[in-house]
Structure formats: structure tokens, C-alpha cells
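# Tertiary structure, described
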Amino acid sequence: MLALSLLAGPGIATVTARQSNPPMGGGLTGNWAVRTASADGTTRSTYFNLKQEGSRVTGSIRTTQFYYVITESTGGPEGFSLIATMKDGKSDRRVQYEGKLVGNELHLTTRRRPDAPPTEMIAQRAPEGEGVMPPRIPPPALHKVPDNGLARTPPMGWNSWNKFAGRVDDATVRSIADAMASNGMKEAGYLYINIDDTWEGGRDARGNIQTNKKFPDMKALADYVHGKGLKLGIYSSPGPNTCAGYEGSYGHEDQDARTYAAWGIDYLKYDWCGARTLYTDEEMPAIYQKMGDALQATRRPIVYSLCQYGRLDVWKWGADVGGNLWRTTGDIRDAWDSMSRIGFGQNDLAPYAKPGHWNDPDMLEIGNGHMSDIEYKTHMSLWSILAAPLLAGNDLRSMSPEIVGILTNREVIAVDQDKDGKQGMRVWKSGDQEIWTRPLSGGALAVGLFNRSTEAAKMSVRWADIGISGNAKLRDLWLHQDIPWQGPEYSATVPGHGVVLLRVTWL
Ligand code: GLA
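Here is a short report on the structure shown in this document.

Criteria and cut-off values
- Residues numbered from 1 in each chain as written.
- Predicted model: local features only at pLDDT ≥ 70, side-chain atom pairs only at ≥ 80, totals over all residues.
- Heavy atoms only, no water.
- Helix = DSSP H or I, 4+ residues; strand = E, 2+ residues; numbered from the N terminus.
- Contact = heavy atoms within 4.5 Å.
- Phe/Tyr/Trp six-rings, centres within 6.5 Å; stacked < 30°, edge-to-face > 60°.
- Buried < 20%, exposed > 50% of the residue type's maximum accessible area, 1.4 Å probe, protein only.
- Lys NZ or Arg CZ within 6 Å of the ring centre and 35° of its normal.
- Core = buried A, V, L, I, M, F, W, Y, C linked by side-chain atoms within 4.5 Å.

Turning next to the environment of Gly59. As for its placement among the helices and strands, Gly59 is situated in strand S4 (residues 56-62). For the pair Gly59 and Val69, spaced ten residues apart in the sequence, the C-alpha separation amounts to 6.1 Å. Non-local contacts of Gly59, meaning those with residues more than four positions away in its chain, are made with Asn49, Tyr68, Val69 and Ile70.

Considering all chains together, one arrives at 16 aromatic pairs under this definition. An angle of 20 degrees between the planes, with centres 5.9 Å apart, marks the rings of Trp463 and Trp485 as stacked. Pair noted here: Trp463 is in the loop between strand S23 (457-462) and strand S24 (472-476) and Trp485 is in the loop between strand S25 (481-483) and strand S26 (489-494), with a separation of 22 residues, a long-range link. Relative accessible area serves as the criterion here: at 25%, Trp485 is assigned to the partly exposed category. When the ring centre of Tyr246 is taken as reference, the NZ or CZ atom of Arg44 above it lies at 3.6 Å. The cationic tip of Arg174 hangs over the ring face of Tyr224; the distance from NZ or CZ to the ring centre is 4.9 Å.

A few words on the nonpolar core. Of all hydrophobic cores here, the largest spans 91 residues; its most connected members are Tyr190, Ile193, Trp199, Met218, Leu232 and Met380. No other element matches the six residues that helix H7 (residues 284-297) contributes to this core. What Met380 contacts, discounting residues up to four positions off in sequence, is Tyr190, Leu364, Ile366, Leu390, Ile406, Leu407, Val412, Ile413 and Trp478. Core analysis: the second largest hydrophobic core is formed by 20 residues, Val34, Phe66, Leu106 and Leu108 among them.

Structure below.
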């Protein structure tokens, strides 16, 4: 889905015919490719490997991250319809194409959703064998990958995807590093500058991964980022292709890890995506372990971030395969519904977070423009109570003072970065109001009064109900003010979609 939206993104989608072979026996039989060239010099291809016998068409469809087998067909060269399916973890995926042969081209349409307008494409004949799935490499036997000693507190930094997607390039990364080093974020603890998908080129004759045109020299870029006192992260997939359809690390895990180390990379986000074409969910631990081992074999400290959307209860095995953090859900969007559904849905995962190993409810959307500042404060507060990684996902070069203030609120960051590394939990809920607490080192407690309703609400917390007896010191972490002790109960009016975040310290 993401790959499709990326292809439709600005400056990316142009369908071109790269080469055409003479028809082999006519009809629909043969290997067909729809090629989409990117401005970065790379091409995404979708392959239709078809065999037509009368009105029956069999074969496979390989898109940038999916591999389907044709299960139903009707019609022939003058007009046909194909349904193809694949198993993806617990779900069954299905695509449908309508098409016809026009001269030596296959004109095709499909729909992303049944109610979406049709997407049209033209396939040309491609050489037999191009685009076939690589043979499956059996997963290794499981063993415990030793702790790499990194990420003792949740990683902090920036990631390119939420704001830039396929438009990230060397100049953008440098200017984001400049911004982070000069706008107070670095001093507040932000460290990693992470390049997400779409930096990849192909491989050279010896199989070494190359960058594409957008990243002329990754080592020079790492040197630049290090020169700012920051660290550089990169992205790949255990599959043949990434989510956006770029080159993945499949079969090149050790080689890629060595390349990252030689470039000076400090963080890897490893995204399942294309691996679903070759492996079941049950095989995920072994596949992630492979890169965990490969990274450690480089002897360079590289934070290892697992991204497989929380499947197979990753929190139960992520640490054992060398992971420092693991995504717990699908992708976040810059919208209250998405952020709040993810954030408030993390309660059961608290026992699995600990120093070096974190639940990752996805990157921040703060400053991307589709939530209010009140909602972004809720986002920041909730992620901090959750001991979540704080990876800004906005354009750090052009932020309002309010957004800088939210991202660099040191009192809130101190909650996130608390050295005990205990993830907070919900202690009370009534309708749209929830109270979450997080135990902090030294016996303090972070208390978040969250109002998920659109209307302001008066919320109260009785200290005895959350285990506090006697007097305590109260501090409002957004107002940066101490609050006089009001006795056994504290009440505040919390704005719609807002939060009051307190630090409670026993006297
Ligand atoms: C997946 C991940 C996202 C991002 C994209 C890149 O959707 O979950 O965070 O990395 O892939 O293609």
C-alpha cells in the first residue's frame, strides 16, 4: 500500500518501456513487466509471468513486495480478468487485474480498494527469468544474540519517512543534521539522524549494495553527521525488496552489515516487507536474528530496530534476536485517530520494555501539521509515559516555536529517558478520560491525565487510589510549574484531546 502511494508521489511515477522481446508464441503467455522509473535512477517493476491455455491463465504476479499466484482467470487476449492471492502472515491478500493484449503490450487495470478509481498500467515483454523469486534460503537455527549494550534509554533522533518518504536525499539529511545541532534538539538529547527507505541503489558485480543518485557518498554523509556530534541511521529489509520496492538485504545480510559499518552507520531499521514473499511469520525470529548476528559481527555499535508491525508478539522475542527496539503496530499517520489508537493501545506491552529493549509505537508526527499543538503535546506525553523511542518525523528546518517547545521539553523528555526504563500503564479509565502513570527512578511517578474527548473535561485523581499516601511535591511538566499540594485529591480541567502531565515526588 505504501509502495503504491509512493509510486503515485510527485516526481516519481513514469511508466516506461525499457526493452521488448519478440512475442514468444503470441497470446498472453510470457513474462511481462510494468516498469516505473524514479528520478533517483532506480526502477520498480511488477512482473506478470503468465501461461495461457485456451481461456485459462495461470502463473504469478510479483509486485515490489508481494508475490501472488493466479488462482482464477476468465477471458483471453482480447479481454481477461485475473485474481491472484498470497498468504501474508495471518492474512490472505488478493489482487485483481483486468487487461487485454494491445499489439505487443499488455494494458492492465487494477484497484487498490474495490471503491478506488482504477490504476492503469502497461506491461511490456520482459526476458524469461527476469523478476523470478530468488530461491528460499532456509532460516538459521535460533540462538540467543547477546545484548549489544546500546539504547539503555529509548533512542532519540529523527527519521525521514513521515515527512519526506521518497524525497529524502543527501542535502536534506545534512540540513536536518544542521538544524538538530543548532535548534536545541541535540542538547535536549536527540542524537540519531535516520534515513528511511529509498536510499538504495542496486548491487555491484560483487554484490555490494550501492546508494542511488540521491545519496552520492554515504560515508561522506556519515562523516558530516558525525562532525555535528550526531549519529547516522539507515534502513533495509530482510526481503529481496523493501516496502517501497528498493533493494533489500536478502542473502546479503553479512555483506550489508559490513558495508554499513564501513560507511559509519550507527543504527539500522530493518523492515519485514519483502520478506513476506519467502517466509512465514513464525520464521521471523530466525530471520531477524540473522541481521542481529551480522551487525554484531561488525563490532561497530549499531542500534538494531525491528520493524514488522508487532506481528508474532515481537515483544516476546525481539530482545533475544538482538533487537534494541521493535515496532508494535502498523504505520502511524499524522492524525489524532491514528496516534491515539496506537498510543493508548500499548498498555499490555509494558512488561516487555527494559533498558536496551523498547516497544516502539512508531515515530513522532509532531509538527507535521495535521494535529493541533494540544494533540501533539498529548503525543509527546504519551510516548514519554510509554518509554517509547522519540524519533521526530517532521521537517526540523522549519518549525514553529511551539513545535520546538514540544519536542524539546526537557521535563517531559526526562520522563521518557528515565534510567529505570519502566514503561507506564493505564491506572484508571472512565469513558474518554484515562489516567496513566509511569514509575520513575528515585521513587517518583509520572502521572498523565488524558482526555480523549473533543470537549474539555474536569479530571481528578485521588492519590490514595494510585498508591500515594502522605504529602508529595507536584510539578506540571507542560506549565513548568510546581503545584501546591491540595490534599488527598488533585483536579484539573483537561482540554479536549489534551493532557495534564505531572511529576509526583514524595516528600
Ligand atoms: C513501512 C514502515 C514505515 C516506513 C516504510 C518505508 O511501511 O512501517 O515506517 O519505513 O515502510 O517504505
